[in-house]
Each structure stands twice: as C-alpha cells, then as structure tokens.
Amino acid sequence: MNIKDYKNVWVFIETARDEVKRVGLELLNQGRILADANDEKLIAVVIGRHLDAAAQSVIAHGADEVIVVEGEEYADYNTDGYTNVMVKLVEKYKPSVILIGATNNGRDLGPRVSCRLATGLTADCTGLEINEETRDVAWTRPAFGGNLMATILCSATRPQIGTVRPGVFKKAQPDFARTANIIREEIKTPAEEIRTKLVGFIKAEGDVVVNLEEAEIIVSGGRGLGKPENFACIRELAEVLEATVGASRAAVDAGWISPLHQVGQTGKTVGPKIYIACGISGAIQHLAGMSSSDIIVAINKDPDAPILGVADYGIVGDLFEVVPVLIEEIKKIKT
Ligand code: FAD
C-alpha cells in the first residue's frame, strides 16, 4: 500500500428509509475542516434506494462531491450489502479518511469495512483534528472509563477510519443553492450474499420512538426524581415542549426508565438546542453525553451540584415545585 495514493475525506451518510440522519451532516461540517487542512475534497457517500433528495441535502450541507449507490437491496441497512459497496468504492477511489457516525449501524459497518481493507479504525470518537506533524487525523476518544482522553493516529495504513459519536459536532446551516458533482456507481450485491433480512420494524416502548440523537429539545430526569412514578412530571414537561425524554444512568439502573433513554458516556451523546436536566447531579460521565448542547438548563436543589457549573440557566430548587410551574408557564405561552 502506498499511502500517497490515498486522498480526500469521505463521510458515510447514514440514511433511514432514504432520509439522511443528522449525524452524517454533523460529520460533513467537521470533515470540511479536515479536508481543508490537507487541501483535499470532502466527499459524501450515500447508499440506499431512492437518494435524489438525500444527495441534494448533503450538497447543501457542504459536500464537494457525492457518490451515490442505489439498489433495492440497500433499501434498509444490512451489513453484507453495505460492506460490499463501501469496500468496492474504497478500492476504486482510495480515500484517505472515512468518517462514520457511531450509531448502531455505523458501529456495525465501520469495523467490518476496516477489517476487509486491513486498516485501522478508531471507535466512538469525540474529537477530530489534523496532527500538525504527520498530517494524519488525530482521533480522540474517552479511555479508561472516561478518566482520560486518548488521541490515536493511524499512520501506517489507509484509509484512516473512525466512528464518531452523534451530537459531538454541529451541522452547518444548509445552502440549497450549492451545487456539486453527483457520481452514480452501479454496485450490486447478490441476494444470497446478504445473510440478514429485515422482516419488520417494531417500535420500542409502545408508540414512543426514543430518538435522543436527533432531538432538538431533551428533558432528562435523574435520581432526584426519587421513584419511577415521578418520571410523569418529566414526561409532561417534555410533552408541552415537544421534547424527547432522557435520563441519567442512576435512573436507568434503578429500573425507573428504559436504557434507551440514557444520556452519557455509556448512553447516548446528544447535542440538542435545549437540554433540561432535572434532579441530575452532573457526574463527569453524564456531562460527557450532553455538554455540547446549545443551552443547558439545570434544576437541582443542591447549589453545589456540578451540573450547575455547566448550565447556562441554573434553577436551585425542588424540581417537584419548579417543573409544574414551568409546565404551566409554557402552556400559557403556547395558548
Ligand atoms: P445523583 O448523582 O444521585 O444525583 C441526584 C441529584 O438530584 C443530586 O444532585 C440532588 O441534589 C438532586 N436532587 C435530589 N432531589 C431533588 C429534588 N427534589 N429537586 C431537585 N434536585 C434534586 N451516568 C450517566 O448519567 N450516564 C452515563 O452514560 C454514565 N456512564 C457511566 C460509565 C461509567 C464507567 C461509570 C463509572 C459511571 C457512569 N455513569 C453514568 C454514572 C455516573 O457516575 C453517576 O453515578 C450518575 O450520572 C448519577 O446520576 P444522577 O445525577 O441521576 O444521580
């Protein structure tokens, strides 16, 4: 392998039923910085069934070029089909860097592709820069239970691949006047090579889909709620704000709410416009998952709680008094 043959920064754009997931757009924004630093192109790779709208969206969000692979067999994510496409594309175009969202699907795809290509992958990154000396990507991720941050270089092989947590980077404001070249590649994966079959979607928790990573507003509850029934006030506040419900690990471990709601180092990393933490102390592992939120509101009865140190708006008080007042006031504004 001649490393010099590899250039350009690729972003794998994850889609769900042909709709672009936010993490791909976030990675385009950070990918732009990496590409510009090495004077390379930023290229989006989209795999799915009907991708015209997806291609326009990624161009609007900053891609210099889009590689599109469409096929019935790619309508829903599947490991074998998507790996086959990515490996063939890499062999043909030789990118230097591939950024993939650290979603369930991204965490499945990334290692498979890196293994097939015999190159390195840094999983679950929270920081991306260009190393000044080597011009490699410096991939930063928490290590040793989040107690230190490790920065990893993949210097000997190409492409350099990493999965990056959703919510760490912000997406750019779209510019739908932008234009870029769309390259359509025909890559087929025979049905017998796809060993998994999607037989249907089952929504978790009745009709509620927990989509913390895409949420614009999150209301989270912690141990301060005291018992599972008290999540009702968090749900009510979330409802009036059209927000998604999050939770600390303490609340999840106590069995008060499903792990799908957990925010933090071992839960989801989120980056909403507003994050409201109720009865959450702000342990480092919780902060690791939500500190890049645009506005943080914390309600805590302990004035020394660490969450108040990162909050833009801190309310020192009993959440059982504060939250009902908030709900009433928001209802008034809405009517
Ligand atoms: P506590 O720390 O017990 O805080 C409760 C807060 O509620 C207190 O600040 C208290 O003042 C306040 N309070 C109590 N009653 C009221 C009231 N009536 N009104 C207002 N405020 C009130 N944690 C996560 O959240 N996410 C993770 O992903 C995660 N991953 C971890 C990974 C590892 C390897 C380890 C070791 C830990 C991890 N943790 C994680 C756990 C983390 O260290 C904390 O234990 C946890 O976040 C604490 O949850 P909490 O803030 O709800 O509870």
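Just so it is clear, the structure is predicted and the values come from calculations on it, not from any experiment.

> Looking at this model, I keep getting lost on the site of the ligand. Mind explaining?
Close to the ligand lie 25 residues; Arg223, Ser248, Thr266, Ser281 and Asn300 are nearest. Arginine 223 places a polar side-chain atom, nitrogen or oxygen, 2.7 Å from an oxygen atom of the ligand. Interatomic distance of 2.7 Å between a side-chain N/O atom of serine 281 and an oxygen atom of the ligand. For the ligand, whose accessible area on its own is 990 Å², the fraction buried by protein is 77%. If you list the elements that add at least two residues to the shell around the ligand, you get α6 (249-253), α7 (284-290) and α9 (319-334). Of the residues assigned to the shell around the ligand, the class counts are six nonpolar, 14 polar and five charged.

> Please clarify how helix α3 (residues 79-93) should be interpreted in this entry.
Since the α-helix advances by 3.6 residues per turn, residues separated by three or four positions end up pointing in the same direction. The terminal C-alpha atoms of α3 lie 21 Å apart, and with 15 residues this matches the ideal 21 Å at 1.5 Å per residue to within 8%. The buried fraction of α3 is high, at eleven of 15 residues. Those residues of α3 hidden inside the fold are in contact with β1 (9-13), β2 (15-16), β4 (42-48), β5 (65-70), β6 (97-101) and α4 (104-116).

> Help me out: how do you make sense of the sheet that holds β6 in this one?
The strands making up a sheet are joined through hydrogen bonds of the backbone, oriented either antiparallel or parallel. In space, the seven strands of this open sheet follow the order β7-β11-β6-β1-β4-β5-β12, with parallel pairing throughout. Looking along the sheet, the strands with just one partner apiece sit at the ends: β7 (121-125) and β12 (181-184). Strand after strand, the sheet turns through a mean of 20° between neighbouring axes, direction not considered.

> I tried to follow the pattern of salt bridges on my own but got confused; where do I start?
Scanning the model with the defined rule gives 23 salt bridges in all. One salt bridge in this structure joins aspartate 76 and arginine 17, with 3.1 Å as the shortest N-O distance. With a gap of 59 residues between them, aspartate 76 in the loop between β5 and α3 and arginine 17 in the loop between β2 and β3 (19-20) connect regions that are remote in the sequence. For aspartate 76, a relative accessible area of 23% corresponds to the partly exposed category. Overall, the relative accessible area of 51% leaves arginine 17 in the exposed class. Shared partners join several salt bridges into a network, and the residues in it are Arg22, Glu26, Glu216 and Lys273.

Rules behind the numbers
Sequence order as written defines the numbering, with residues in each chain counted from 1. Residue-level local features of this predicted model are given only where pLDDT is at least 70; pairs of side-chain atoms are given and counted only at 80 or more, and the full residue set underlies all totals for whole chains, interfaces and linings. For the side-chain quantities, the full set of heavy atoms in the structure was used; hydrogens and water were omitted. Proximity is defined per residue: any heavy atom of the residue falling within 4 Å of a molecule or strand makes that residue near it. Polar contacts here mean pairs of N or O atoms no more than 3.5 Å apart (in protein, one a potential hydrogen donor and the other a potential acceptor; neighbouring residues in sequence count only if both atoms are side-chain atoms). For the accessible areas, the method is Shrake-Rupley and the probe is 1.4 Å, while residue cover comes only from the protein chains on display. Numbering of helices and strands starts at the N terminus; helices are DSSP runs of H or I of at least 4 residues and strands are runs of E of at least 2. Gly counts as polar in this scheme, as do all residues outside two lists: the nonpolar Ala, Val, Leu, Ile, Met, Phe, Trp, Tyr, Cys and Pro, and the charged Asp, Glu, Lys and Arg. Residue count minus one, scaled by 1.5 Å, sets the expected span of a helix. Burial here depends on accessible area, computed with a 1.4 Å probe over protein chains only, as a share of the maximum for the residue type. Under 20% is buried, over 50% is exposed, and the range in between is partly exposed. It only takes one pair of heavy atoms within 4.5 Å for two residues to be counted as in contact. At least two bridges found by DSSP between two strands are what make those strands a pair. Every axis in this analysis is a line fitted to C-alpha atoms, fitted for helices over the stretch in contact. Angles between the N-to-C directions lie between 0 and 180 degrees. Each salt bridge in this description consists of a side-chain nitrogen of Lys or Arg and a carboxyl oxygen of Asp or Glu lying within 4 Å of one another.

So, to be careful, I would describe these as geometric facts and stop short of saying anything about function.
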